[in-house]
Amino acid sequence: MDLNQLWQLTLSEMEVQLSRASFATWLKNSQLVDKREGIFYIALPNNFAKEWIENKYQKNILGIIRNFDSSARKLEFIVTNQEPKALTRKQVEVDFNKLDTQAGLDLVKIDPDTNLNPRYTLDSFIVGASNELAHAAASAIVHEVGSKYNPFFIYGGVGLGKTHLIQAIGNEIKNYYKGKLRPKYVSSEKFTSDVVWAIRNKRMEDMKKKYRDCDVLIIDDIQFIGGKEKTEEEFFHTFNALYENNKQIIISSDRPPQSIPTLEERLRSRFDGGLTADISYPEYEMRVAIIKNRLQISNRQLPDHVIDLVANSIKRNIRELEGVLNKILFYQEKKGTEIDKKTAQEIIEKSTQSFLGRITDDQILKAVADFYHTEVPNLIGRSRKKEMVEPRQVAMYLLRDILRMSYPYIGEKLGRDHTTVIHSFEKINQEINKNSPFNQKIIMIKESLYNKNQ
Ligand code: ADP
Ligand code: MG
């Protein structure tokens with residue numbers, strides 16, 4: 001077996017163990033370049049990847065290599081600096097899923113120069129397995145502004161801390177460089193409305209100046225500029241102008257770059273030269289830590305069993321977790337006594353019900369149809385077209401999973417026998433458990449639903 005084959009095998013084993021973003025970030029551009037006297041030399045694209053892999057995955061990788069080659073004794077990591085390739089300026093069709101906009105109501109104490117909310121800091125960001133990589137990357141960028149990890153792209157579901165983290169980078173940079181480096185934060189909606197305004201008022205030059213006159217541009221929820229051609233165009237030029245001047249660009253999105261077709265196509269080589277990290281659902285310990293941290297900050301108390309109950313009830317959205325916690329604290333304060341388990345349970349049920357209660361079966365079908373770029377009647381119709389099989393099964397799965405509808409009812413809704421529905425549900429369920437890219441699709445569809453219903 002040659003070195004390349006050996007490395008490909010090792011990578012395929014590692015791919016199973018790592019999240020998609022970690023894998024793409026750390027190992028995608030790696031190579032096994034040499035072996036000498038039991039030492040295996042692995043080339044990595046940057047120091048960040050080197051440090052991370054050395055500390056976290058060295059043992060794993062060595063173990064895997066040993067399975068194939070028992071002479072392996074030690075790994076050495078080396079950094080090869082690849083220049084990002086030239087940009088391709090291919091024009092591609094605009095093809096985004098439109099999502100409802102998220103309200104940014106947090107207007108307190110926002111710094112007018114940077115648009116940053118000082119509440120978001122790295123210190124107040126609780127780290128766990130689900131966001132460790134993103135957090136490490138964020139901290140590293142503060143010391144390497146505009147150079148090594150540019151652009152930085154972070155993605156993950158609603159309420160999982162993207163805005164918090166990217167604003168924290170801005171705040172950190174502002175403080176660390178004592179104002180010498182100027183960050184600027186902007187939501188995609190704001191960027192879009194600025195472009196529209198500038199076009200209407202023939203003030204494009206001002207607009208350009210405004211966004212190019214900073215050292216760190218942070219753009220939140222980039223998926224929302226999808227489909228707005230002029231805004232995309234402007235973003236693209238702004239991006240290039242900043243990038244060429246070694247300014248740091250930080251982007252957040254609800255989906256990975258590969259799933260934003262227009263942007264990705266245009267900026268692919270830039271993204272390859274940068275860093276991508278994902279944030280996924282927080283694990284139990286992290287949810288407890290977040291609750292305890294909030295209690296500590298606000299100097300309040302809750303019995304442990306209530307903390308446990310909240311942490312066990314809200315698993316997918318930290319914003320929602322905070323919302324429920326606030327309601328419970330509010331209730332406790334009003335009553336002046338420690339809250340009991342039953343009341344806490346009721347509050348949780350009410351808030352989570354109202355959250356899910358607004359989702360209807362038709363919305364689910366629409367979300368699935370949108371995701372697969374088709375129409376609802378195609379899901380319901382009798383057609384046996386192969387490309388409809390997966391969307392239809394996913395629709396059945398989600399009707400059951402989210403709304404707990406009965407199999408016969410789902411069957412009726414989609415014009416299928418209830419045994420077919422059971423089979424589809426189980427099939428998708430299995431698929432989710434063994435296949436993480438597939439799971440990612442399901443998460444994205446759910447996210448689009450929850451987003452619209454918040
Ligand atoms: P997103 O932008 O991904 O939708 P946000 O950054 O707005 O999510 O986070 C939602 C809320 O949860 C915010 O109040 C944020 O401060 C809090 N939050 C998210 N992740 C963390 C974390 N790891 N530690 C502490 N608070 C967090
Ligand atoms: Mg956000």
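Further up the page is the structure itself.
So, here's what we can say about the structure.

Procedures and definitions
Residues numbered from 1 in each chain as written. Chains lettered and ligands numbered in written order. Predicted model: local features only at pLDDT ≥ 70, side-chain atom pairs only at ≥ 80, totals over all residues. Heavy atoms only, no water. Helix = DSSP H or I, 4+ residues; strand = E, 2+ residues; numbered from the N terminus. Salt bridge = Lys/Arg side-chain N within 4 Å of Asp/Glu carboxyl O. Buried < 20%, exposed > 50% of the residue type's maximum accessible area, 1.4 Å probe, protein only. Expected span 1.5 Å × (residues − 1). Arc of directions from axis to C-beta. Polar contact = N/O pair within 3.5 Å; in protein donor to acceptor, adjacent residues only side chain to side chain. Near = heavy atom within 4 Å. Areas by Shrake-Rupley, 256 points an atom, 1.4 Å probe, with all protein chains shown as cover. Nonpolar A, V, L, I, M, F, W, Y, C, P; charged D, E, K, R; others polar. Domains from an automatic or database assignment. Core = buried A, V, L, I, M, F, W, Y, C linked by side-chain atoms within 4.5 Å. Contact = heavy atoms within 4.5 Å. Phe/Tyr/Trp six-rings, centres within 6.5 Å; stacked < 30°, edge-to-face > 60°.

**Quick look at unusual backbone geometry**
Negative phi characterises most residues that are not glycine, and trans characterises most peptide bonds. The step from Asn150 to Pro151 runs through a cis peptide bond, and the omega angle for that step is -5°. Note on placement: Pro151 falls in the loop between helix 5 (132-143) and strand 4 (152-156). Residue Asp221 is not a glycine yet carries a positive backbone phi of 55°. Here Asp221 shows up in the loop between strand 6 (216-220) and helix 9 (229-244).

**Considerations on the pattern of salt bridges**
The full count for this structure, using the stated rule, is 26 salt bridges. For Arg182, the salt bridge identified is with Asp213, shortest N-O distance 3.3 Å. Highlighted residues: Arg182 in the loop between helix 6 (162-176) and strand 5 (183-187) and Asp213 in the loop between helix 8 (204-212) and strand 6, separated in sequence by 31 residues. Take Arg182: its relative accessible area is 38%, and that puts it in the partly exposed class. Judged by relative accessible area, which is 39%, Asp213 ranks as partly exposed.

**A few points about helix 1 (residues 3-17)**
Here helix 1 spans 21 Å end to end across 15 residues, near enough to the 21 Å set by a 1.5 Å rise per residue. All buried positions along helix 1 are accounted for by Leu6, Trp7, Thr10, Leu11 and Met14. Along the axis of helix 1, the buried positions cluster into a sector of 135°, meaning they face one direction only. Regarding helix 1, its N-cap is Asp2, as a side-chain oxygen of that residue lies 3.2 Å from the backbone nitrogen of Asn4 further along.

**Quick look at the site of ligand 1**
In the vicinity of ligand 1 lie 21 residues, with Ile126, Gly159, Lys162, Thr163 and His164 positioned nearest. Within the backbone of Gly159, a nitrogen or oxygen atom sits 2.7 Å from an oxygen atom of ligand 1. Contacts to ligand 1 include Thr163, whose side-chain N or O atom sits 2.8 Å from an oxygen atom. Contact with the protein chains covers 97% of the free accessible surface of ligand 1, which is 560 Å². The set of elements that each furnish at least two residues to the shell around ligand 1 consists of helix 6, helix 11 (284-297) and helix 13 (318-335). Across the shell around ligand 1, the residue classes break down as eight nonpolar, eight polar and five charged. Counting only domains with at least three residues in the shell around ligand 1, you end up with domain 2 (132-279) and domain 3 (284-357).

**Things to note about the nonpolar core**
Counting residues in each nonpolar core, the largest one holds 51 residues, and the members touching the most others are Trp26, Leu27, Ile61 and Phe152. With seven residues, helix 5 is the largest single contributor of residues to this core. When residues of this core are sorted by domain, at least three fall in each of domain 1 (3-98) and domain 2 (132-279). Each residue touching Trp26, except ones within four places of it in the same chain, is listed here: Leu44, Phe48, Ala49, Trp52, Ile53, Leu133 and Leu275. Counting 29 residues, the second largest nonpolar core, distinct from the first, contains Val368, Phe371, Met405 and Phe425.

**Quick notes on the packing of aromatic side chains**
Per the stated rule, a full pass over the model turns up ten aromatic pairs. On the numbers, 5.3 Å between centres and 80° between planes, the contact of Phe153 with Phe271 is edge-to-face. Note that Phe153 is positioned in strand 4 and Phe271 in helix 10 (residues 261-273), a separation of 118 residues in sequence. On the basis of relative accessibility, which here comes to 1%, the residue Phe153 falls in the buried class. Given the relative accessible area of 8%, Phe271 is considered buried. Each ring, one from Tyr176 and one from Tyr177, has its centre 4.9 Å from the other, and the planes form 80°; the classification is edge-to-face. Taken together, Phe153, Phe191, Tyr211, Phe235, Phe239, Tyr243 and Phe271 form an aromatic cluster joined through their ring pairs.

Note that every value here comes from positions in space, so none of it alone points to a role or purpose.
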